[in-house]
Amino acid sequence: MAEETKKIAEETTPEVVVSETPKPEPENVQDTPEKVADVPVIGESKVEDEKEKGDLVGESNSFKEESNKVDELPNPEQKALAEFKELIQQALNKHEFTSPPPPPSAKEQVSAPAPTEAPEAEPVTKPATESVPVEESGPVTEKTEEKLIPSEKKENPAPAESAPSPPSEEKVEEKVEAVEEIKETIVEVPAVVAVEEPPAKEGEEPKTEENPPPPPPEEVSIWGIPLLADERSDVILLKFLRARDFKVKEAFTMLKNVIAWRKEFKIDELLDEKELGQGLEKKVVYNHGVDKEGHPVCYNAFGEFQDKELYHNTFADKEKLTKFLRWRIQFMEKSIRNLDFSPDGICTFVQVIDLKNSPGLFFFKKELRQATNRALVLLQDNYPEFVAKQVFINVPWWYPAYYRMINATFTTRTKSKFVFAGPSRSAETLFKYIAPEQVPAQYGGLSKEGEQEFANAEPASEEIIKPASKHTIEFPVTEKCTLVWEARVTGWEVSYGAEFVPSAEGGYTILIEKSRKVGANESVISTSYKASEPGKVVIAFDNQTSKKKKLVYRSKNKLSDC
């Protein structure tokens, strides 16, 4: 019989071990290989970026703005927009954008300790094993059996032939009942917390618990427009979708991150802050005119930081650097408020980045480099699809190497908007996208600050002066009046003169401006002539260089002076 008991003990022991082996199964062994598998994908994207670097000083004509009219979108994009709006509506209903996560309910708070109390059932079984040494003189077979049965049965030991099975079953049932009693006490705890309602009076119907009505959806606006208001909201949502290649979940995550960042950055308060950007306005970053398609043009001139006093006042310490970033974001927010978010409106900018006189600043001015990188990250992460074209002018020789360093931070869509031009082709490149009358005079255009004879809306003409040749422009004068004109040649280094030729036979030609050579640094020439008879004004340009030159000019008659 002892041998049979030993066999029973040996058979029961492996069952306990086997029952514990499934515990390590929840460990996800394949997580690490999946993460490592992403590395080659990143490597491939870098290789593609290297292929796209190619000619940095050039232009990209691959990008063209898409329509913001929903009915003109391709079907997949319409479906993505509808799905995006549905996710936003669900989030608004649940107050996911602005409200903190709801606190745990009363039931969750009371029942939370239950898992930690459950192991207390184990001490009920421990005395069975701890009391085994009581009968030191008992046979080995009985001690083996006692490891499988409670110790309470030892008071009336039975023969080895009949003892094993019945007491074991009874004690197991007692253990189960004890555990169930503990579980019942744990489960019944919430019943104590619940408030009992008084019994209903005679003739009254028992009251039924009514759930409080759900709170109304939260109202969230971005750039002054509610998320789900009208067509303007669709235009904004399309920006997020396009920034994430119409991957709805990624666009939704980006939107939630932007709203959270705006709350953390206190954008609404930032708009009312004053004394930000003193000395930087109309110097470092400023808006001026529009391009040929009506986009507002924003100019960024880093060369202004060669002024040591301006540099020190902007980047001397961490506090000033923070103010610079807040001013840059404030400038962006105010500029966005002037955009038109209707489906037919203009809701993007053209950015012009002037890199003139900036090599030393970027290489040796750590504060400027850090500030521009931080501003770039903030603008790229929180202002999707607000740039229609980004034109880099006066690009120095070292910039291609710097561009390779930051190239990986841009998406393919963003890089398709970049245009690069060296110093000799900056003005000509700007004229491709911006009319000369809208380009500031310091960048080769005709637009000047202050009161001028011409408004920016008055159009200018463009012509090419061939190398080693003379070029003339004629302005007819049909009556007595004052003729006003202004002209400019990119890179000048040409001779310029003007004269009046009367229409009457035998009339004398009148010299208005003697021919002179205009230097490269000279800006716009503005001249007027009061004619006393009909005729024409002829302006002449003599280009003796081996390069062609771009000529821009405009004129008008001032009848009020006649």
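Anything mentioned here points back to the structure above.
The notes below deal with the structure included here. Quick caveat, the model's predicted, so the values are computed rather than measured. (Residues numbered from 1 in each chain as written. Predicted model: local features only at pLDDT ≥ 70, side-chain atom pairs only at ≥ 80, totals over all residues. Heavy atoms only, no water.)

A closer look at the overall build of the chain
Of the regular secondary structure elements, the chain holds 19 helices and 15 strands. The buried share of the chain, reckoned over its 562 residues, is 39%. (Helix = DSSP H or I, 4+ residues; strand = E, 2+ residues; numbered from the N terminus. Buried < 20%, exposed > 50% of the residue type's maximum accessible area, 1.4 Å probe, protein only.)

Description of the sheet that holds strand β7 (residues 418-420)
Strand order in the open sheet formed by five strands is β3-β4-β5-β6-β7, and the pairing between neighbours is mixed. Unpaired on one side and paired on the other, β3 (285-290) and β7 mark the two borders of the sheet. On average, each strand axis in the sheet is inclined to that of its neighbour by 20°, with strand direction left out of account. With six bridges joining them, strand β5 (residues 349-354) and strand β6 (residues 387-393) adopt parallel strand pairing. If you follow Val350 over to β6, its bridge partner there is Lys389. In the packing of helix α19 (residues 426-433) onto the sheet, contacts are made with β5, β6 and β7, and the angle to β6 comes to roughly 165°. (Pairing = 2+ DSSP bridges. Axes fitted to C-alpha atoms, helices over the stretch in contact; angles between N-to-C directions. Contact = heavy atoms within 4.5 Å.)

Some details on the nonpolar core
Counting 73 residues, the largest nonpolar core has Phe84, Phe97, Phe240, Tyr383 and Tyr399 as the members making the most contacts within it. With nine residues, helix α11 (residues 248-265) is the single largest residue contributor to this core. Here Phe97 is in contact with Ile88, Ala91, Leu92, Glu218, Val220, Leu227, Phe252, Leu255, Lys256 and Ile259, once residues within four sequence places are set aside. Membership of the second largest hydrophobic core comes to 23 residues, among which are Val489, Val494, Ile525 and Tyr529. (Core = buried A, V, L, I, M, F, W, Y, C linked by side-chain atoms within 4.5 Å.)

Some thoughts on the environment of Leu378
Tracing the backbone through its elements, the reader meets Leu378 in helix α16 (residues 366-382). The class for Leu378 is buried, based on a relative accessible area of 19%. Sequence spacing of Leu378 and Ile329 is 49 residues, and the spatial spacing of their C-alpha atoms is 8.3 Å. Setting aside chain neighbours within four positions, we find Leu378 in contact with Trp261, Ile329 and Tyr383.

What about the packing of aromatic side chains?
Under the defined criterion, the tally for this structure stands at 29 aromatic pairs. Pairing Phe392 with Tyr399 gives two aromatic rings, centres 5.8 Å apart and planes at 40°, and the pair type is tilted. Residue Phe392 shares its accessibility class with Tyr399, and that shared class is buried. An aromatic cluster is built from Trp223, Phe240, Trp261, Phe265, Phe341, Tyr383 and Phe386, whose rings are joined through pairwise contacts. Looking at Lys556, its charged tip hangs above the ring of Phe454, at a distance of 4.9 Å from the centre. (Phe/Tyr/Trp six-rings, centres within 6.5 Å; stacked < 30°, edge-to-face > 60°. Lys NZ or Arg CZ within 6 Å of the ring centre and 35° of its normal.)

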